[in-house]
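Here is how the chains run, residue by residue.
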Amino acid sequence: MKTKTKLSIISALIVLPLVFFTLIWLAGTVLSHSVNRTIGALPPDLKGRNVSFPSASGATIHGWLVEGQAGKGVILLMHGVRDSRLSMLDRARFLSAAGYSVLLFDFQAHGASKGEQITFGYLESRDVQAAVQFVRETLPGEKIGIIGVSLGGAATLLAEPKIEANAIAIEMVYPTIRQAIDNRLRHYLSGLGGLLTPLFIAQLKPRLGIAPEVLQPINKVGSLTMPKLFIAAAEDKHTPLAESQDLFNAAQEPKELWVVNGAAHVNLHRFAKQEYERRVLSFFAQTLR
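The rules behind the values
Residues numbered from 1 in each chain as written. Predicted model: local features only at pLDDT ≥ 70, side-chain atom pairs only at ≥ 80, totals over all residues. Heavy atoms only, no water. Helix = DSSP H or I, 4+ residues; strand = E, 2+ residues; numbered from the N terminus. Rg over C-alpha atoms; globule rule 2.2 N^0.38 Å. Buried < 20%, exposed > 50% of the residue type's maximum accessible area, 1.4 Å probe, protein only. Contact = heavy atoms within 4.5 Å. Areas by Shrake-Rupley, 256 points an atom, 1.4 Å probe, with all protein chains shown as cover. Lys, Arg positive; Asp, Glu negative; His and termini not counted. Charge placed at Lys NZ, Arg CZ, Asp CG, Glu CD. Phe/Tyr/Trp six-rings, centres within 6.5 Å; stacked < 30°, edge-to-face > 60°. Axes fitted to C-alpha atoms, helices over the stretch in contact; angles between N-to-C directions. Left-handed = near helix turned anticlockwise from the far one by under 90°. Nonpolar A, V, L, I, M, F, W, Y, C, P; charged D, E, K, R; others polar. Core = buried A, V, L, I, M, F, W, Y, C linked by side-chain atoms within 4.5 Å.

(A) Looking closely at the overall build of the chain. Helix and strand counts for the chain come out as 10 helices and 10 strands. Radius of gyration (C-alpha) of the chain: 21 Å, near the 19 Å computed for a compact globule of 289 residues. Taken along its principal axes, the extent of the C-alpha atoms in the chain is 85 × 35 × 35 Å. Here the chain, with 289 residues, has 50% of them falling under the buried criterion. Of the contacts formed within the chain by residues at least 6 apart in sequence, a portion of 73% connects residues at least 24 apart. Of the accessible surface of the chain, which amounts to about 13500 Å², a share of 58% is contributed by carbon and sulfur atoms. Here the chain contributes 30 positive and 23 negative side-chain charges, whose respective centroids are spaced 6 Å apart.

Spelled out as structure tokens, the structure:
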């Protein structure tokens, strides 16, 4: 009887950790798995066309190009993680109405752009470079603005060589991937989440081939010389306001910070539509003249 008890204890000591680490690995698989979906046609109120272009991420990037007034400028709209260009349609509408050309596209492993895994800004930064090159060739001479939401903003800041745009607006961007993971785990799992952070960080290299030090937008933002508009949500638990302020402080002038009071990690255009449009249009009117 004692022998059976000992064997049971030993088995439990072996099996339970294996089950635990397997579950953590599977959670990482779910979080980084591609999120392709059918996008459908461009809504008829936006007069544009389907476009595609190759990216050094290995994917063919699919999107929509809505051409505006010649000489007004072109705005690249880049969505957040596990989302698609569909989430940027309302932004495209008010920018198009103001005369800007607009490019909406799906990052690799998102929407209609194939890819094996989400890389939280690493491969996606190559998609940003490809999008900039595409609009330079398609709309030569137009000044380029960018709106990058969360993942879209991180990918913009992480791009190497640095992005050659005339103005960028970034929303709710994590300073480091370690902080991004820790914030989300603590938000959903409270104190236990903080204990799990190292186990998720440790998956980056074997799963994605990326060291966590590579995914640190705060170390890249200081090299960007174009005008920058940082948009933060006051009640954001995924990217707390203090972290957005750290990112802003690390940037060089010209720069400005708008804190959206009462907002969490949500669609900030939808949350504060009139003020969002007023501020963004004013920003691009000044920087893309």
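(B) How the structure looks around the packing of aromatic side chains. Scanning all chains against the criterion turns up 8 aromatic pairs. Both rings, one in F105 and one in F107, keep their centres 5.4 Å apart while their planes meet at 80°; by these two values the pair is edge-to-face. Neither F105 nor F107 differs from the other in exposure class; each is buried. Ring centres of F230 and F248 lie 5.6 Å apart, and the angle between their planes is 85°; on these two criteria the pair is classed as edge-to-face. Separated by 18 residues along the polypeptide, F230 in strand 9 (residues 228–233) and F248 in helix 8 (residues 241–250) bring together distant segments of the chain.

(C) How the structure looks around helix 4 (residues 151–158). Buried residues dominate helix 4, accounting for 8 of its 8 residues. The set of residues buried in helix 4 consists of L151, G152, G153, A154, A155, T156, L157 and L158. Tucked into the core, helix 4 has its buried residues touching strand 4 (74–78), strand 6 (110–111), helix 3 (124–138), strand 7 (144–149), strand 8 (167–171) and helix 8.

(D) How the structure looks around the packing of helix 5 (residues 177–189) against helix 6 (residues 191–201). Between helix 5 and helix 6, the least distance of the axes is 7 Å, while the angle of their chain directions is 145°. Considering the relative orientation of helix 5 and helix 6, their crossing is right-handed. On helix 6, the residues touching I177, R178, I181, D182, L185, R186 and L189 of helix 5 are G191, L192, G193, G194, L196, T197, F200 and I201. Its residues placed into classes, the contact of helix 5 with helix 6 shows 8 nonpolar, 4 polar and 3 charged.

(E) Spotlight on the nonpolar core. One finds F53, L76, L103, F105, I146, L157 and I177 to be the most contacted residues of the largest nonpolar core, which totals 51 residues. At 6 residues, helix 3 tops the list of elements feeding residues into this core.

(F) Region of the structure containing the environment of H265. Counting through the fold element by element, H265 comes out in the loop between strand 10 (255–260) and helix 9 (268–271). The class for H265 is partly exposed, based on a relative accessible area of 23%. Sequence separation of H265 and L281 is 16 residues, and the distance between their C-alpha atoms is 22 Å. Here H265 is in contact with S150, M172, R184, D236, H238 and T239, once residues within four sequence places are set aside.

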